Amino acid sequence: MLLPVPPDADGRLVRGDGLALMRRLGPGTFDCIYLDPPFFTGRERVGDRGGFDDTWTDLTAYLDWLTAWMGEARRLLKPTGWFWLHLDWHSVHYAKVRADDVFGAKNFRNEIIWHYTGRRSPAVRRFNQKHDTLLLYAASAAAVLTPIFEPWSREEYVRLKKQAVHRDPDGREWIWGHAGRGRSKAYRIYLDEHVDRGRAVDSVWDIPIINTSARERTGWPTQKPEALLRRVVAASSPPGGLVGDFVAGSGTTGVAAYDLGRRFVLAEVDPQAAALAGRRLLARGARVVVDGLGAMGCGGVSGTPDRRRASPSGGT
Ligand SMILES: C[S@@+](CC[C@H](N)C(=O)[O-])C[C@H]1O[C@@H](n2cnc3c(N)ncnc32)[C@H](O)[C@@H]1O
């Protein structure tokens, strides 16, 4: 079995078929696996820097293909691990049924809606389609997430609570906390504590898509925002943990993993996308083993170890 990441590297990037790579890795080693495969759109996905084919003979062929990947992902996860499947309306409802079979319906945890703002038109045949869906599965009941917090303001907190705000003599603001029926004034909740901590994110994630002039834009079609992947990685893997993405595109998962102090294994079959991912990771300072599937285990480690950055707190 192949060692996912050698001790002197931050991650591995394999130029080749992700499923073949998964089959060569040992079981129970990954903390989190995120897959953002072709969505069954029925068309070529083309960007400024290349593209990939997303045409299939039929839905069953697509789902059979996807199911093989999920089976391998399940094998590779630790019992405390997490699996993310990123799709949209084209296939997510059918894929959910397959994913339930692979991971067990009882291990299904969330349907995360990634809602992206952007230009909206007054559409009349359907509403503007502005979200993707991420299905989240735990490898077993032993898996726990790390809560993620997003910033919010005093005004948002007060609006949500709909209660009178009181002030201590020193000006510190608080509201009454409830402790069940008949105990509506049980304790004081200080506003600053809640505002400073931020608000725990729920299952709808508002994260803008990458705009045309964004610095993180690589030109690879369907590239996902780093902010989205930072949430995925921070919530579902510990610092120093191992994160996998075997349909890696421009390498966003690897970038998020590296930034948050996790190790990563990426695979990408398209040479242009793999090159983009490699350049992106090296520019970050990551030490990456770059292999072809045939030459696996023989790739050199590139990158500069002293520029490693880690921010274990995660979040967006
Ligand atoms: C939706 S894109 C991933 C985008 C990526 N999350 C990003 O942020 O750039 C899907 C990717 O899967 C890749 N792909 C398709 N079949 C593959 C295979 N058998 N092995 C590895 N990658 C594959 C495509 O080339 C494409 O880059």
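Residues numbered from 1 in each chain as written. Predicted model: local features only at pLDDT ≥ 70, side-chain atom pairs only at ≥ 80, totals over all residues.

Another aspect to go through is the domain arrangement of the protein chain. Domain assignment breaks the protein chain into domain 1 (11-145 + 201-307) and domain 2 (154-197). The C-alpha-based centres of domain 1 and domain 2 are spaced at 40 Å. (Domains from an automatic or database assignment.)

Here the focus is the sheet that holds strand 10 (residues 173-177). Read across the sheet, three strands follow the order 9-10-11 without closing on themselves; strand pairing throughout is antiparallel. One side of each edge strand has no neighbouring strand; the edge strands of this open sheet are strand 9 (166-167) and strand 11 (187-190). Sheet analysis places strand 10 next to strand 11, joined by four bridges and oriented antiparallel. Looking across to strand 11, one finds that Ile175 is bridged to Ile189. (Pairing = 2+ DSSP bridges. Helix = DSSP H or I, 4+ residues; strand = E, 2+ residues; numbered from the N terminus.)

In terms of burial, strand 1 (residues 11-15) is a largely internal element, five of the five residues being buried. Here strand 1 shows two buried faces, one formed by Gly11, Leu13 and Arg15 and the other by Arg12 and Val14. Two strands pair when backbone bridges link them, and strand 1 and strand 15 (residues 263-268) are joined in this way by five bridges, in the parallel orientation. Counterpart to Arg15 in the pairing with strand 15 is Glu268. Alignment of strand 1 against strand 16 (residues 288-292), held across five bridges, turns out to be parallel. Looking across to strand 16, one finds that Arg12 is bridged to Val289. (Buried ≥ 20, exposed ≤ 12 C-beta atoms within 10 Å, placed from the backbone.)

On the secondary structure map, Val269 appears in the loop between strand 15 and helix 8 (271-284). For Val269, a count of 19 C-beta atoms within 10 Å puts it in the partly exposed group. Setting aside residues up to four positions removed in sequence, Val269 forms contacts with Gly16, Asp17 and Gly18. (Contact = placed C-beta atoms within 7 Å.)

This next bit is on helix 6 (residues 226-236). Each α-helix turn comprises 3.6 residues. Residues three or four places apart therefore point the same way. Here helix 6 lies mainly inside the structure; nine of its 11 residues are buried. For helix 6, the set of buried residues is Glu226, Leu228, Leu229, Arg230, Arg231, Val232, Val233, Ala234 and Ser236. Buried residues belonging to helix 6 abut strand 2 (30-35), strand 5 (77-87), strand 6 (108-115), strand 13 (204-206), strand 14 (242-245) and helix 7 (252-259).

Interhelical geometry of helix 6 versus helix 7 gives an angle of 60° and a closest axis separation of 8 Å. With respect to each other, helix 6 and helix 7 are oriented oblique. As helix 6 runs across helix 7, the sense of the crossing is right-handed. Here Glu226, Leu229, Arg230 and Val233 of helix 6 lie close against helix 7, whose contacting residues are Thr252, Thr253, Val255, Ala256, Ala257 and Asp259. Counted by class, the contact of helix 6 with helix 7 contains five nonpolar, two polar and three charged residues. (Axes fitted to C-alpha atoms, helices over the stretch in contact; angles between N-to-C directions. Parallel < 35°, antiparallel > 145°, perpendicular 65-115°, else oblique. Left-handed = near helix turned anticlockwise from the far one by under 90°. Nonpolar A, V, L, I, M, F, W, Y, C, P; charged D, E, K, R; others polar.)

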